[in-house]
Each structure stands twice: as structure tokens, then as C-alpha cells.
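# Breakdown of the fold
Next come the chains, spelled out residue by residue.
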Amino acid sequence: LGGQRKASPEALPARENATYNRKVMNYLQRYALTPPQWLFDPQLASSLQLDAQALAQTYCRETMQAVMNRLAPIDKAQSSGATDVYTSEEYVDGLHEALFGEWADARPVDSLKFEAQLAFIRQLDTQLHKNKLTSARVAATLSNEWLRLKREARTYARRMPAGKDRGQALELLNLLEQVTY
């Protein structure tokens, strides 16, 4: 995402176009941002003498750190003046869709998706508190995402019946309320 490619060893690097980056985002949305539940099955993990919850938390934390770190090259490509580049706004929208899409329809979120949502919000907080963000554009994009998440979390929590899902939504909202920048 936001990267470059060389057609040959002698060629100058060329930026990947927006279409290619959208394909990469589609792959991330389908396979990396929402991994299958069986991958963190408690029985499978315990047979390997591992803690499924800890594995899921580590996976989500490291994945969200990696996807947020892609903002810098995406922003660099966007700032280069090149045409047909994938934008930081489009990237964050894609992440949002993959991680919080259930909120629009007030659908329940499974425990693994909830871990991914927590990790994303924590990483958003980390990015907003960096002394040196890539650009004002990235800062604005992340600030807008934070505001959007707060607004949508409130709505989602109101729409969910009392129980686990509302509790998760309120936990995310509480985490978002603690984010300051």
C-alpha cells in the first residue's frame, strides 16, 4: 500500500496505482483485518499449549500497528503529485469499513472483531499522540476517523440490546472518550 515497484532492475521505481492498492485493501479486509475464528480456537490453542486470547490480542495489536504504519508511504505517494494514487482518506475508510461495518446495521460483533476494534482504537490514539505525524493531511484524516468512531459508537450502543454487544460498544466508546490530541 502506497509502495513502489520496479519493472526491471535498471528501471526507476514507479508508484503503485490506486486500482492495485484497492485490490490490496480488499485482500486485507477479507483475510488480515478479520481473521477466521478457528485460527484462535481455544481448544486448538490449548492443544499447542498456547493461550488463544493472548494470541488474538497479539495478532490484532501487531496487525493494527502494521496497517497504521502504511499511512506514511500512502501519504508520501499522495503528496508526490503523482496521479491515480490511493489516498490516506480512502485507506482509513477501508479500514473503517472492515473493522466497524457491523455498526451501520447494528449487527453483533464477534470477540475477535472486538479485539481488532480495540487494537485499532489504541493504535489510532498512538498515532494521534505522535510528536511528528507524517503530514497535516494524515492528522486531519485520523482526527476525522476518531470523531466518526465516537459518533458511530454512541449510535451503535443505543441501538444494541442490553448485554454483551452493548457492553462492548460502551467499552469502545469509553476508550474513544479517553483519546485526546
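Refer to the structure printed above.
Attention in this report is confined to the structure presented alongside it. (Residues numbered from 1 in each chain as written. Predicted model: local features only at pLDDT ≥ 70, side-chain atom pairs only at ≥ 80, totals over all residues. Heavy atoms only, no water.)

### Structural notes on the packing of helix α1 (residues 18-32) against helix α5 (residues 88-104)
Definition in use: Axis geometry follows a simple rule: fit a line to the C-alpha atoms, using only the stretch in contact for helices, then measure angles between N-to-C directions, giving values from 0 to 180 degrees. In DSSP terms, a helix is any run of H or I states spanning at least four residues, a strand is any run of E spanning at least two, and both are numbered starting from the N terminus. Working definition: roughly parallel below 35 degrees, roughly antiparallel above 145 degrees, roughly perpendicular at 65 to 115 degrees, and oblique for all remaining angles. Take the far helix as your reference; a near helix turned counterclockwise from it by less than a right angle gives a left-handed crossing, and one turned clockwise gives a right-handed crossing. Any two residues whose heavy atoms approach within 4.5 Å are treated as being in contact.
Two elements in contact, α1 and α5, have axes separated by 10 Å at closest approach and are oriented at 20 degrees. By the angle between their axes, α1 is roughly parallel relative to α5. In this structure, the crossing between α1 and α5 has a hand that is right-handed. Across from Arg 22, Met 25 and Gln 29 in α1, the residues of α5 making contact are Glu 90, Tyr 91, Gly 94, Leu 95, Glu 97 and Ala 98.

### Points about the pattern of salt bridges
The following threshold applies: Any carboxyl oxygen of Asp or Glu within 4 Å of a side-chain nitrogen of Lys or Arg constitutes a salt bridge here. Three exposure classes are used, based on accessible area relative to the maximum for each residue type with a 1.4 Å probe and protein chains only: buried under 20%, partly exposed in between, and exposed over 50%.
One pass over the structure, following the stated rule, counts ten salt bridges. In this structure, Arg 148 and Asp 93 form a salt bridge, with 2.7 Å as the shortest nitrogen-oxygen distance. Taken together, the residues Arg 148 in helix α7 (residues 136-159) and Asp 93 in helix α5 connect sequence positions 55 residues apart. With relative accessibility at 22%, the residue Arg 148 sits in the partly exposed group.

### Side note on the packing of α5 against α7
Put simply, the test is: By the convention adopted, Pro, Cys, Tyr, Trp, Phe, Met, Ile, Leu, Val and Ala count as nonpolar, Lys, Arg, Asp and Glu as charged, and the other residues, Gly among them, as polar.
Running from N to C, α5 and α7 cross one another at 10 degrees; their axes reach a closest spacing of 11 Å. Overall, the two elements α5 and α7 adopt an arrangement that is roughly parallel. Contacts from Ser 88, Glu 89, Val 92, Asp 93, His 96, Phe 100, Glu 102, Trp 103 and Ala 104 in α5 reach Arg 137, Thr 141, Leu 142, Glu 145, Arg 148, Leu 149, Glu 152, Ala 153, Tyr 156 and Arg 159 in α7. Here the residues of the contact of α5 with α7 are counted per class, giving eight nonpolar, three polar and eight charged.

### Re the side chain of Thr 141
Filter applied, for reference: Two N or O atoms count as a polar contact when they lie within 3.5 Å, although within protein this holds only if one can serve as hydrogen donor and the other as acceptor, and sequence-adjacent residues are included solely when both atoms are side-chain atoms.
Looking at where Thr 141 falls in the secondary structure, it is placed in helix α7. From its side chain, Thr 141 meets the backbone oxygen of Arg 137 in a polar contact 2.8 Å long. If we ignore the near neighbours within four places in the chain, the residues touching Thr 141 are Ser 88, Glu 89 and Val 92.

These figures capture arrangement, not role.
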